[in-house]
Amino acid sequence: MMNGERPTLGFIGLGKVGQTLARRLYLQGYTISALWNRHPEAAADLAERVQSHVVESPSSVVRQAAITFLTVSDDALSALASTLLVEDLSGRAVIHTSGALDLDVLSALEANGAMIGSLHPAYPFADVVASVDGLSGAVFALQASHQRLYNDLHQIVLDLNGHTMVIKPGDKTLYHAALVLASNYGVTLYALAQNLLHHVGATSSASQKILDSLLTGMLNNLRTHSPAEALTGPLVRGDVQTVQAHLQALQHYDSALYDLYRQLGSLTLPLAEARGTEVSSIRRLLQEDHHDTTDHS
């Protein structure tokens, strides 16, 4: 730790990520030196919760904290960092929590004397209160320009009961794309499935129970099996007629969903093959384009 003690922390930008981290780290015994938010009135409640205070400028946070977290949107990060260049940042650290951006987005601050880094929690922050408890056990993608900062950030992750994954420069975007596929687009698939169930008469309560049961079972299977071993359904069973029926029904229901089903099916076939399923017939079926249903005979 810096100076042999826990570093003092500051937060610039107090959305769900910033609020969650500040509250959890305060509960773990860290001193939250200063907070800044574009709308200061929205930060008053957090300041009271973490025994801190709201300051008038981002630079004021950096002056008062050993490590400053920039917990803002990716698009706002570069402009925010530029406001800190008027400061002599020697001996201080500035990090961001973006999942897609490398630490080099802060390189101008390093030239101004700061240690720079990134610490991205792989966790869906839908609700602050739930996230404060749910963050335990999450993986944090870590990058740091100096070993000293790496040590501090690694200890912060340990204090959050988390796990560290070091991301090499240049790999951050693919790392984040993986999370978007699983988490963000997992929500999209849930919504699409729910719409289909509503279309065939299921109530909102019934569709939620059906899908929650399926997803809970899927996650439990994935905890103890590889993706190939956890795969269930018509592809791994080699049920050509079932897949064909799905395609015919979806083609009439929604052409975009029909195309999505075909693409996801094609990407799933390697998992079915790994289980020993013969998939050549299903592959041909998925690769056929049935959009043109005109009879040319």
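Scroll up to find the structure.
Residues numbered from 1 in each chain as written. Predicted model: local features only at pLDDT ≥ 70, side-chain atom pairs only at ≥ 80, totals over all residues. Heavy atoms only, no water.

Asks: Just give me the short version of the pattern of salt bridges, but keep the residues and values in it.
Replies: All told, the structure shown has six salt bridges when counted by the stated rule. Put simply, Glu273 and Arg283 hold a salt bridge, and the shortest N to O gap is 3.4 Å. With Glu273 in helix H13 (residues 255–274) and Arg283 in helix H14 (residues 280–287), this residue pair connects regions lying 10 residues apart in the sequence. For Glu273, a relative accessible area of 38% puts it in the partly exposed group. A residue is classified by how much of its surface remains accessible, and Arg283, at 28% relative accessible area, is partly exposed. (Salt bridge = Lys/Arg side-chain N within 4 Å of Asp/Glu carboxyl O. Helix = DSSP H or I, 4+ residues; strand = E, 2+ residues; numbered from the N terminus. Buried < 20%, exposed > 50% of the residue type's maximum accessible area, 1.4 Å probe, protein only.)

Asks: Now, about the packing of aromatic side chains: what can you tell me, with residues and values included?
Replies: Across all of its chains, the model carries two aromatic pairs by this definition. For the ring pair Phe11 and Phe69, a centre distance of 4.8 Å and an interplane angle of 15 degrees mean the geometry is stacked. One end of the pair, Phe11, is in strand E1 (residues 9–12); the other, Phe69, is in strand E3 (residues 67–70), and 58 residues separate them in sequence. On the basis of relative accessibility, which here comes to 0%, the residue Phe69 falls in the buried class. Taking the centre distance of 5.3 Å and the plane angle of 75 degrees together, the rings of Tyr123 and Phe125 count as edge-to-face. (Phe/Tyr/Trp six-rings, centres within 6.5 Å; stacked < 30°, edge-to-face > 60°.)

Asks: Requested: an account of the side chain of Thr268, with residues and values cited.
Replies: Tracing the backbone shows Thr268 in helix H13. Residue contacts for Thr268: discarding those within four places in its chain leaves Leu231 and Leu235. (Contact = heavy atoms within 4.5 Å.)

Asks: I'd like to hear about the sheet that holds E1, residue by residue, with values.
Replies: One open sheet accounts for seven strands, arranged E2-E1-E3-E4-E5-E6-E7; its pairing is mixed. Every other strand in the sheet has two partners, leaving strand E2 (32–36) and strand E7 (163–166) as the edge strands with one partner each. Each adjacent strand pair in this sheet contributes to an overall mean axis angle of 25 degrees, direction not counted. For E3 and strand E4 (residues 93–96), the ladder comprises four bridges, and the chain directions are parallel. Looking at the pairing, Phe69 lines up with Ile95 of E4. Sitting on the sheet, helix H8 (residues 172–199) touches E4, strand E5 (115–121) and strand E6 (139–144), and the angle it makes with E5 is about 20 degrees. (Pairing = 2+ DSSP bridges. Axes fitted to C-alpha atoms, helices over the stretch in contact; angles between N-to-C directions.)

Asks: Go over a nonpolar patch on the surface, please, and point to the residues and values.
Replies: Taken together, the side chains of Leu215, Met218, Leu219 and Leu222 make up a nonpolar region of the molecular surface, amounting to roughly 320 Å² of accessible area. Accessibility expressed as a relative area gives 38% for Leu222, which makes it partly exposed. (Patch = residues over 30% accessible without salt bridge, like charges linked within 9 Å, V, L, I, M, F, W, Y side chains within 5 Å. Areas by Shrake-Rupley, 256 points an atom, 1.4 Å probe, with all protein chains shown as cover.)

Asks: Residue-level account of the pairing of E2, with values.
Replies: Across the five residues of E2, five count as buried, placing the element largely inside the fold. Relative to E2, E1 runs parallel, the two sharing four bridges. Note that in E2 the partner of Gly10 across the bridge is Ala34. Between E1 and its parallel partner E2, the chain crosses via helix H1 (residues 16–27), and the hand of that crossover is right-handed. (Right-handed = clockwise from strand over helix to strand, strands pointing away.)

Asks: Explain the pairing of E7 to me, and be specific about the residues and the numbers.
Replies: Inspection of the sheet shows E6 paired to E7 by four bridges, in the parallel sense. Directly across from Val139, in E7, lies its bridge partner His163. Between the parallel elements E6 and E7, the chain passes through helix H7 (residues 147–159) in a crossover that is right-handed.

Interpretation note: all reported values are geometric properties and have no functional meaning in isolation.
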